[in-house]
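Residue-level listing of the chains:
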Amino acid sequence: MADFVADIRDIKFTLFEQLDIDKLTATERYGAFGRQDMELILDEAYKLAREAMAPISAAVDREGCTIKDGKVTVPQVMHEPYRLFVEGGWQALNHSPEFGGQGAPDCLMLACCDLFIGANLTFNLGALLTTGAAHLVEAFGSEELKRTFVEKMYTGKWAGTMCLTEAQAGSDVGAVKTKAVKEGDHYLIEGEKIFITFGDHDLTENVVHAVLARVEGAPKGTAGISLFVVPKYRVAPDGSVGEPNDVVCSGIEHKLGIHGSPTCTLVFGQDGKCHGYLLGEENKGMRAMFQMMNEARISVGLQGAALGNAAYQAALAFAKERVQGTDIRQFRDPNAPRVPIIRHPDVRMMLMRQKAYGEGMRALLYFAAYCGDRARADASQSARERYEGLLEIMTPVCKAYCSDMGFRVTEWALQTFGGYGYCKEYPAEQYLRDCKIASIYEGTNGIQALDLVGRKMGMKNGAYVFALIAQIGSWVEATRSHAALAPLSSALGAARDAWTKVNGYFMEAAMTKKLLVPLVNASTYLSLTGDVLLAGLLLDQARIAWDKLVPLCQKAGVDPADGKAVSELAKQDPEVRYLDAKVKTARYFCLYELPLVQAKAAAIQSGDMSALYVRWEDEVD
């Protein structure tokens, strides 16, 4: 299997040149971090991903997890990389120094996770859930709960999970039946949770579960759900691991992918001795859990983007090495030399498509994380509110669009490999299998689309939508009169206008009580929104790249508008090659992918409701 490769230049370009995260270091919250510090962190993250995580990925996939007598064992090769990971302080890079974190910006942590996930998704799933669960305790727990759990989880000594799903309560979280009965300073928890990622394992000495349950007499639905901390082992007075807490893993799932991630069925309180500790207030569990879920949704979107980018890099390397056929211009010559498949136009188009979506999704996710950082750190209240609104409305898009399109990128990458891509000796098929789950868990992508049109669009009287319209408009205006990019700016402006008309169409439907109109079109609308955002972000990158490319070309005596001449210069200068590719990537996306926005907008506004009224055999009302 080929070595793991990531485009560290693109990661740094997105962070430092597009988002200009140096601005964050001017704030009180992130003042301890400088540009040199952040670049060093990224370089070390890439080293850990390449040297410790990636080499075990295939072995972990082949071996998988085992369960015996209720105890789950992960592949042995995961233990040493996990030790390096936690000793390096990576688990809580962006969390509070008070509890063992380092207080770094979220966007820097996300970039590190981009590298880690691309190298080995399975290995990192447990860490992502642990920090999310620990942050829940930090945000909603009592001082005693914080002292007991948070630092041990942030430092990786203990792990954490999120326990929502039950057999009858998947996306319908309000149907949860797990019970919580108050007993002194704790609650007795009783119930069964399924599909719990890293619900049990042998990487840490304890696993701390964030569990949704109902107290006695609670209202029906989500209004009656409370949130509890439930450790696998109780904690002794001195903070050490104590006796078992009546939490048992009754089985693990056998899945399409992520084989090294134990997906567990957990039974709480089968002997009536499972102690849980309330987080926040009774019946306010969903409000607290949404903090973890929203954080997880950005992370799940990153899973799609990171695996897509890793698959693209593998496909690119293969296309440079795999020799097949002649140059198309010499196909009639039987003596023509055979060439690498990257010389074939169709293969180049596949690679360009992968590159465009991969880099666009990376920019979208980093921008979302940056908005979260600015919402916490900006001195201006109006700026904080603006960035908070952008993050709110982009979160379902980040999760659903990036997990959907990340999977498509792995598919296109596998296609680039041809028949070899379907074989386990090459990494493409594992990227594809591992990626698919991202569109399903942490709220299926259909649920994300409903959240976008049913909640986010109307929040604060549409303020978040207007903030997004303004943001897209800023990308249009910045390139409207640009010598090289004006036609792309016009294409983005037209797509923005089409998207805005759909917003108006949905508003009119809501006012006339045609509520099914936005709901039946929700997924198409989310996809349309993602297309426009990617085009805007890629065009913004092209503007920055062009302004850096021009002086390099002029220094070499090359006209930057002469595509062939710049291409020749790019053979000699890697920076010219990178910047020129940025411009061409934006051009490709705006001219080949962005036109789909018009078709999606037209389909939505057609008013067709066929999906609601077609009848299937044996369908039950």
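Residues numbered from 1 in each chain as written. Predicted model: local features only at pLDDT ≥ 70, side-chain atom pairs only at ≥ 80, totals over all residues. Heavy atoms only, no water.

Focus: the overall build of the chain
Regarding its fold elements, the chain presents 20 helices and 14 strands. On C-alpha atoms alone, the chain measures out to a radius of gyration of 25 Å, which is about the 25 Å that the 2.2 N^0.38 rule sets for 621 residues. Counting over 621 residues, the chain shows a buried share of 57%. Taking as baseline every contact in the chain between residues at least 6 positions apart, the subset at least 24 positions apart corresponds to 73%. Only carbon and sulfur atoms are counted for the fraction: they give 53% of the accessible area of the chain, which is about 26600 Å². Positive and negative side-chain charges of the chain, numbering 66 and 77 respectively, have mean locations separated by a distance of 4 Å. (Helix = DSSP H or I, 4+ residues; strand = E, 2+ residues; numbered from the N terminus. Rg over C-alpha atoms; globule rule 2.2 N^0.38 Å. Buried < 20%, exposed > 50% of the residue type's maximum accessible area, 1.4 Å probe, protein only. Contact = heavy atoms within 4.5 Å. Areas by Shrake-Rupley, 256 points an atom, 1.4 Å probe, with all protein chains shown as cover. Lys, Arg positive; Asp, Glu negative; His and termini not counted. Charge placed at Lys NZ, Arg CZ, Asp CG, Glu CD.)

Some words on helix α12 (residues 445–454)
Every buried residue of α12 is listed here: Asn445, Gln448, Ala449, Asp451, Leu452 and Val453. Contacts made by the buried residues of α12 are with α8 (285–321), α10 (381–417), α14 (486–511), α15 (516–520) and α16 (522–555).

What about the packing of α10 against helix α11 (residues 428–436)?
Any two packed helices are characterised by the angle at which their axes cross and by the distance between the axes. α11 packs onto α10 with a crossing angle of 165 degrees between their chain directions and a minimal axis gap of 9 Å. Classified by the interaxial angle, the pair formed by α10 and α11 is roughly antiparallel. For the pair α10 and α11, the crossing hand works out as left-handed. Contacts between α10 and α11 involve Gly406, Phe407, Thr410, Glu411, Leu414 and Phe417 from the former and Ala428, Glu429, Tyr431, Leu432, Cys435 and Lys436 from the latter. (Axes fitted to C-alpha atoms, helices over the stretch in contact; angles between N-to-C directions. Parallel < 35°, antiparallel > 145°, perpendicular 65-115°, else oblique. Left-handed = near helix turned anticlockwise from the far one by under 90°.)

Here's the deal with the side chain of Asp451
Relative to the helices and strands, Asp451 is located in helix α12. The exposure class assigned to Asp451 is buried, which follows from its relative accessible area of 10%. In this view, Asp451 contacts Arg297, Pro396 and Lys456; residues no more than four positions away in its chain are not counted.

Structural notes on unusual backbone geometry
Unusually for a residue other than glycine, Asp20 sits at a positive phi of about 50 degrees. Summarising the element assignment, Asp20 is placed in the loop between α1 (8–18) and α2 (35–53). Residue classification places Asp20 among the partly exposed residues on the basis of a relative accessible area of 27%. Here the phi dihedral of Asn283 falls at roughly 65 degrees; this positive angle occurs in a residue that is not glycine. Relative to the helices and strands, Asn283 is located in the loop between β12 (275–279) and α8.

Notes on the state of the cysteines
The term disulfide refers to a covalent linkage connecting the sulfur atoms of a pair of cysteines. Enumeration over the complete set of coordinates arrives at zero disulfides. Left unpaired, Cys113 is separated from the closest cysteine sulfur, that of Cys112, by 6.9 Å. Between Cys590, a free cysteine, and Cys402, which holds the nearest cysteine sulfur, the sulfur-to-sulfur gap is 17 Å. You can call Cys590 buried: its relative accessible area is 3%. (Disulfide = S-S within 2.5 Å.)

Observations concerning α11
With eight of nine residues buried, α11 is to be regarded as a mostly interior element. For α11, every residue scored as buried is listed here: Ala428, Glu429, Gln430, Tyr431, Leu432, Arg433, Asp434 and Cys435. Residues of α11 that are buried make contact with α3 (57–63), α5 (106–119), α6 (121–140), α8 and α10.

A few points about the pattern of salt bridges
This model, assessed by the stated rule, comprises 40 salt bridges. The salt bridge involving Asp10 is made with Lys582; its shortest N-O contact spans 2.7 Å. One end of the pair, Asp10, is in helix α1; the other, Lys582, is in helix α18 (residues 574–593), with 572 residues separating them in the sequence. Note on accessibility: Asp10 and Lys582 belong to one class, buried. Note that Asp61 is salt-bridged to Arg433, the shortest N-O span being 2.7 Å. (Salt bridge = Lys/Arg side-chain N within 4 Å of Asp/Glu carboxyl O.)

Quick look at the packing of aromatic side chains
All told, the structure shown has 20 aromatic pairs when counted by the stated rule. Each ring, one from Trp90 and one from Phe116, has its centre 5.4 Å from the other, and the planes form 85 degrees; the classification is edge-to-face. Remark: Phe116 occurs in helix α5 and Trp90 occurs in the loop between α4 (79–87) and α5; sequence separation between them is 26 residues. Judged by relative accessible area, Trp90 falls into the buried class, the value being 11%. Judged by its relative accessible area of 1%, Phe116 falls in the buried class. An aromatic cluster is present here, built from Tyr82, Phe85, Trp90, Phe116 and Phe123 joined pairwise through their rings. The aromatic ring of Tyr46 is capped on one face by Arg50, whose charged end is 4.4 Å from the ring centroid. Sitting above the plane of the Trp158 ring, Lys152 keeps its charged end 5.2 Å from the centroid. (Phe/Tyr/Trp six-rings, centres within 6.5 Å; stacked < 30°, edge-to-face > 60°. Lys NZ or Arg CZ within 6 Å of the ring centre and 35° of its normal.)

Digging into the pairing of β12
With two bridges connecting them, strand β5 (residues 186–197) and β12 associate as antiparallel partners. Bridge pairing in β12 places Tyr187 opposite Gly276. As paired strands, strand β7 (residues 226–231) and β12 are joined by three bridges and run antiparallel to one another. Directly across from Phe228, in β12, lies its bridge partner Leu278. (Pairing = 2+ DSSP bridges.)

Regarding the packing of α1 against α18
In the contact formed by α1 and α18, the axes pass within 12 Å of each other and the chain directions differ by 65 degrees. Read as a crossing pair, α1 and α18 show a hand that is right-handed. Touching Arg9, Asp10 and Phe13 of α1 are Glu575, Tyr578, Leu579 and Lys582, all from α18. Across the contact of α1 with α18, the residue classes tally to three nonpolar, no polar and four charged. (Nonpolar A, V, L, I, M, F, W, Y, C, P; charged D, E, K, R; others polar.)

Considering the nonpolar core
As a rule of thumb, soluble globular proteins bury nonpolar side chains together. By size, the foremost hydrophobic cluster in this structure holds 178 residues, and its most contacted members are Leu15 and Met394. The dominant element in this core, judged by the number of residues it contributes, is α16, at 18 residues. Those residues in contact with Met394, other than ones at most four positions away along the chain, are Leu364, Phe367, Ala368, Cys371, Leu468 and Leu533. Core analysis: the next-biggest nonpolar cluster, separate from the first, contains 31 residues, Ala92, Phe140, Val229 and Met286 among them. (Core = buried A, V, L, I, M, F, W, Y, C linked by side-chain atoms within 4.5 Å.)

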